[in-house]
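# Per-entry structural report
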Amino acid sequence: CVCVCVWVVCAGCDFSNVATKTGEMVVAAVLGASGNVGRMVMLQLLSMTSQVSKIVVIGRREVPEYANNEWVDQHVVDMAKLEQESEELLKGVDVAFMCLGAGKASKSTKEQLFHSDVELPIQFAHAARKAGVRYFSLLSATGADAKQSWSWITRTGAGGGYYNHVKGVCEERAIQLGLPGLGIFRPATILGNTNTPGAWEWLAPKLSFVLKGNWRNIQCKDLAAAMVNYALGVGPAASLNRDGVHVFEGDNLAVMAGTAAPAEQPAADDKKKEKKEKESTSAKRKPEQESTADSADDGSSSQKRAKDEVADEEKEEKEKEEEEEEEE
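Residues numbered from 1 in each chain as written. Predicted model: local features only at pLDDT ≥ 70, side-chain atom pairs only at ≥ 80, totals over all residues. Heavy atoms only, no water.

### Some thoughts on the overall build of the protein chain
Helix and strand content of the protein chain: 8 helices and 9 strands. The buried share of the protein chain, reckoned over its 328 residues, is 41%. Contacts in the protein chain between residues at least 24 apart in sequence constitute 72% of all its contacts with a sequence separation of at least 6. For the protein chain, the computed accessible surface area is about 18,600 Å², with 49% contributed by carbon and sulfur atoms. (Helix = DSSP H or I, 4+ residues; strand = E, 2+ residues; numbered from the N terminus. Buried < 20%, exposed > 50% of the residue type's maximum accessible area, 1.4 Å probe, protein only. Contact = heavy atoms within 4.5 Å. Areas by Shrake-Rupley, 256 points an atom, 1.4 Å probe, with all protein chains shown as cover.)

Written out as structure tokens, the structure is:
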């Protein structure tokens, strides 16, 4: 996973009563269940009732399609008091999904976009942290960057400077809250989404050979699957340590959705073979190094012996000359 892991100890929050192991029954909560992504998250959760005991839906109005569903517990709240009213509703909830956002960002004012995509999500996340929610899935967008700024060309439109700024600010504030497990999901073009312009919805799949990496398209249902997989620790997330902060974008978002295989890692046998080759090469070099060292030692000894022999000869000649002088 393009992944960043951070662990923050959250003073005053009790997480002892929540499900932390894969396979345990969990209680889920969703904000934005009436939107495109929220509806797909709900479908995923409702298909997993063997693992999800209840779904708490929080919103400004009741969603008719869930009114008589035995697995869904709906609550209408005053969005001006979202944090205060949500905190009580989130007690006993294990995992939460933040799917709220401006449907048509380009039609929003700067203030409206900031309110719907930063203030409300962070109020919900803050309530979740205080209530003891263990894992939180946050819907963001590719290109999220708090350092980006307003542009008169793109204005509040998706993918523009201000839109990316808003998403980046939301991510930063969510991380600062210190949730035990935070999954940030950054889709590019969301296919099967009524907010995606029709022309682009038709063209984007045909450009998949160009739109790669972080700009990879994703189906709305697959994005929802990724968010649910992370929060519940199932599918591709079964072996993942979900604590801390995880960012899912592009290829690794597709992996978490289960629509792409993880990048291939060297096989264990290949690693062992490589290790043996290194050891063998090292073993061959050692005798060569010792031989070179011995040769160097032999050369030094020969030079020393030669010097000693010359010195002895000079000494003998000198003594002989002295004897001849004495005889004279």
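So much for the structure itself; the text now carries on.
### Let's talk about the packing of aromatic side chains
Each aromatic ring pair is characterised by the separation of its centres together with the angle its planes make. Counted under the stated rule, the structure contains 7 aromatic pairs. Between tryptophan 150 and tryptophan 152 the ring centres are 5.3 Å apart and the planes differ by 90°, which places this aromatic pair in the edge-to-face class. In this structure tryptophan 152 comes out as exposed when scored by relative accessible area, which is 65%. Seen from their ring centres, tryptophan 150 and tyrosine 162 are 5.8 Å apart, and the 70° between their planes marks the pair as edge-to-face. On the criterion of sequence distance, the pair formed by tryptophan 150 in the loop between strand S5 (135–139) and helix H4 (161–177) and tyrosine 162 in helix H4 is long-range, its members being 12 residues apart. An aromatic cluster is built from Tyr135, Phe185, Tyr230 and Phe248, whose rings are joined through pairwise contacts. Looking at lysine 110, its charged tip hangs above the ring of tryptophan 150, at a distance of 4.9 Å from the centre. The ring centre of tyrosine 162 lies 5.3 Å from the NZ or CZ of lysine 110, which sits over that ring. (Phe/Tyr/Trp six-rings, centres within 6.5 Å; stacked < 30°, edge-to-face > 60°. Lys NZ or Arg CZ within 6 Å of the ring centre and 35° of its normal.)

### Thoughts on the confidence of the model for the protein chain
Residue-level pLDDT values for the protein chain average 80, and 66% of them are 70 or greater. Low pLDDT, under 50, characterises residues 1–20; the predicted model gives this stretch 45 contacts beyond four residues in sequence or across chains. (pLDDT = per-residue confidence, 0-100.)

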